[in-house]
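Descriptive analysis of the structure
One-letter residues, chain by chain:
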Amino acid sequence: NVGDVICAPSGGPTPDTPPPGVPVEPTPESSSSSDGISGGAIFLIIFFVGFAVYMGAGMAYRFKVKGETGVNMVPNVEFWKDLPNLMKDGALFIKNKVTGGGYSSV
């Protein structure tokens, strides 16, 4: 038959090799994805390490230089105390924009 692949001992096509011009489907072994760490994982590692350094250095500074102790050692402690309320306000703002709600007329 015309479409049969002939195995030639002199290095010709084999049954596993498609004829010229036929697209080859990538196999899991030959895919271009790497087994390394993903970009998202790198971002999260940098974020959390940076946050830990920020908190640690800020607390050390406030303890050694300013003599603060306890909760007051946390850098920008007022921001961190107010963060839940800020997140709630942001969520309500987005909800009102999506649903068309907002302030009522007086």
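Position labels on residues start from 1 in each chain and follow its written sequence. Only residues with pLDDT of at least 70 are given local features in this predicted model, and only at 80 or more are side-chain atom pairs given and counted; all residues enter the totals for whole chains, interfaces and linings. In computing side-chain properties, one takes all heavy atoms of the structure into account and sets aside hydrogens as well as water.

Remarks on the overall build of the protein
Basically, it comes down to this: Only DSSP runs of H or I covering at least 4 residues are called helices, and only runs of E covering at least 2 are called strands; the numbering of each starts at the N terminus. Burial classification: accessible surface area is computed with a 1.4 Å probe over protein chains only, and a residue below 20% of its type maximum counts as buried, one above 50% as exposed, and the rest as partly exposed. Any two residues having at least one pair of non-hydrogen atoms within 4.5 Å are treated as being in contact. Each accessible area value is a Shrake-Rupley result obtained with a 1.4 Å probe; residue values ignore everything except the protein chains displayed when judging cover.
Counting its regular elements, the protein contains 2 helices and 0 strands. Looking at the 106 residues of the protein, the share that counts as buried comes to 7%. A sequence separation of at least 24 residues applies to 9% of the contacts in the protein between residues at least 6 apart. Of the roughly 9300 Å² that the protein leaves accessible, carbon and sulfur atoms contribute 65%.

Some words on the side chain of Arg 62
Our working definition: Charge convention: Lys and Arg are scored as positive, Asp and Glu as negative, and His as well as the terminal groups of each chain are ignored. Take a side-chain nitrogen of Lys or Arg and a carboxyl oxygen of Asp or Glu: if they are within 4 Å of each other, that pair is a salt bridge.
Turning to its location among the elements, Arg 62 is positioned in helix H1 (residues 39-64). Buried and unpaired, Arg 62 has Glu 68 as its nearest opposite-charge partner, separated by 4.1 Å. Not counting chain neighbours up to four residues away, the residues in contact with Arg 62 comprise Gly 67, Glu 68, Asn 72, Met 73, Val 74 and Pro 75.

Brief notes about the packing of aromatic side chains
Short version of the rule: A pair of aromatic rings is counted whenever rings of Phe, Tyr or Trp (Trp by its six-membered ring) have centres within 6.5 Å, and the orientation is called stacked for planes under 30 degrees apart, edge-to-face for over 60 and tilted otherwise.
If you walk through the whole model with that rule in mind, you get 5 aromatic pairs. For the pair Phe 51 and Tyr 54, a centre-to-centre distance of 6.3 Å together with 40° between the ring planes defines the contact as tilted. Of this pair, Phe 51 and Tyr 54 both sit in helix H1, 3 residues apart, roughly one helical turn. Here Tyr 54 falls in the partly exposed class, since its relative accessible area comes to 33%. Through a chain of ring-to-ring contacts, three or more aromatic side chains come together here, namely Phe 51, Tyr 54, Phe 79 and Trp 80.

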